Amino acid sequence: QVQLVESGGGVVQAGGSLRLSCQASGRIASINAMGWHRQAPGKQRELVASISRGVSDYADSVKGRFTISRNNARNTPNLQMNSLESEDTGVYCCNIDGVSYSGYRFNVWGQGTQVTVSS
């Protein structure tokens, strides 16, 4: 069974940068889609960025500031976050929709990593 663990969160001042990584346990044969979601206090979880079949997509609020990339060795997503704003504060979770080497399709989420942007 594939499990995900995020890292790279922390406290940063507005205007700063962070890079989030996602590590997977278990072998992943192929990826249908991967992405990063966030949940701010008192708000619903939202999709921040995703990659599907080589095409990246971003929430309007992060376009031009965040970049999602694929770690090909790990088959996991990274998220480079620049020009951070206080509104970016939240718990960031990675998500992968893929297929294992045993042919099992899965859709898994990590527990999340906290990002706090101070103004």
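Up top is the structure these notes are about.
The structure reproduced in this document is the subject of the present report. (Residues numbered from 1 in each chain as written. Predicted model: local features only at pLDDT ≥ 70, side-chain atom pairs only at ≥ 80, totals over all residues. Heavy atoms only, no water.)

**Some details on the overall build of the chain**
Phase 1: Each helix and strand in the chain was counted, giving zero helices and 11 strands.
Phase 2: In summary, the chain has a C-alpha radius of gyration of 14 Å against a globular reference of 14 Å for 119 residues, a match within 12%.
Phase 3: The buried share among the 119 residues of the chain stands at 44%.
Phase 4: Across the chain, every contact between residues at least 6 apart in sequence was considered, and the portion connecting residues at least 24 apart equals 55%.
Phase 5: Of the roughly 6,500 Å² that the chain leaves accessible, carbon and sulfur atoms contribute 43%.
Phase 6: Each charge class in the chain can be summarised by its mean position, and for the 11 positive and 8 negative side chains these summaries are 10 Å apart. (Helix = DSSP H or I, 4+ residues; strand = E, 2+ residues; numbered from the N terminus. Rg over C-alpha atoms; globule rule 2.2 N^0.38 Å. Buried < 20%, exposed > 50% of the residue type's maximum accessible area, 1.4 Å probe, protein only. Contact = heavy atoms within 4.5 Å. Areas by Shrake-Rupley, 256 points an atom, 1.4 Å probe, with all protein chains shown as cover. Lys, Arg positive; Asp, Glu negative; His and termini not counted. Charge placed at Lys NZ, Arg CZ, Asp CG, Glu CD.)

**Here's the deal with the packing of aromatic side chains**
Phase 1: For the structure shown, the criterion picks out zero aromatic pairs.
Phase 2: Stacked on the ring of Y101, the Lys or Arg R27 has its end atom at 4.3 Å from the ring centre.
Phase 3: Directly above the aromatic system of W109 lies the positively charged group of R45, at a separation of 3.9 Å from the ring centroid. (Phe/Tyr/Trp six-rings, centres within 6.5 Å; stacked < 30°, edge-to-face > 60°. Lys NZ or Arg CZ within 6 Å of the ring centre and 35° of its normal.)

**Looking at the side chain of D88**
Phase 1: Its place among the elements puts D88 in the loop between β8 (76–81) and β9 (90–100).
Phase 2: In this structure the side chain of D88 is engaged in a polar contact, spanning 2.9 Å, whose partner is the side chain of R38.
Phase 3: A distance of 2.8 Å separates a polar atom in the side chain of D88 from the backbone nitrogen of E85. (Polar contact = N/O pair within 3.5 Å; in protein donor to acceptor, adjacent residues only side chain to side chain.)

**Regarding the nonpolar core**
Generally speaking, nonpolar side chains in soluble globular proteins are found buried as a group.
Phase 1: The biggest cluster of nonpolar side chains holds 27 residues, and the ones touching the most others in it are W36, F66, L79, M81, Y92 and I96.
Phase 2: Looking at which element gives the most residues to this core, the answer is strand β4 (residues 28–39), with four residues.
Phase 3: Among residues more than four places away in sequence, those in contact with I96 are L4, I28, I31, A33, M34, N75, T76, P77, F106, N107 and V108. (Core = buried A, V, L, I, M, F, W, Y, C linked by side-chain atoms within 4.5 Å.)

**Quick look at the sheet that holds strand β1 (residues 3–7)**
In a beta sheet, neighbouring strands are held together by backbone hydrogen bonds and run either parallel or antiparallel to one another.
Phase 1: Strands sit in the order β1-β3-β8-β7 across an open sheet of four strands; the sheet is antiparallel. Each edge of the sheet is formed by a strand with only one pairing partner; in this case those strands are β1 and β7 (66–71). Between one strand axis and the next, the sheet turns by 20° as a mean value, whatever way the strands run.
Phase 2: Bridge count between strand β3 (residues 18–25) and β8: three bridges; the pairing is antiparallel. Looking across to β8, one finds that L20 is bridged to L79. (Pairing = 2+ DSSP bridges. Axes fitted to C-alpha atoms, helices over the stretch in contact; angles between N-to-C directions.)

**Thoughts on the state of the cysteines**
Note: disulfide means a covalent bond formed between the sulfur atoms of two cysteine side chains.
Phase 1: Under the criterion given, the structure shown has one disulfide.
Phase 2: One disulfide in the model links C22 with C94; its S-S distance is 2.1 Å. With the S-S dihedral at roughly 55°, the linkage between C22 and C94 falls on the right-handed side. Here C94 lies in strand β9 and C22 lies in strand β3, a separation of 72 residues in the sequence.
Phase 3: Judged by relative accessible area, which is 0%, C22 ranks as buried.
Phase 4: A residue is classified by how much of its surface remains accessible, and C94, at 0% relative accessible area, is buried. (Disulfide = S-S within 2.5 Å.)

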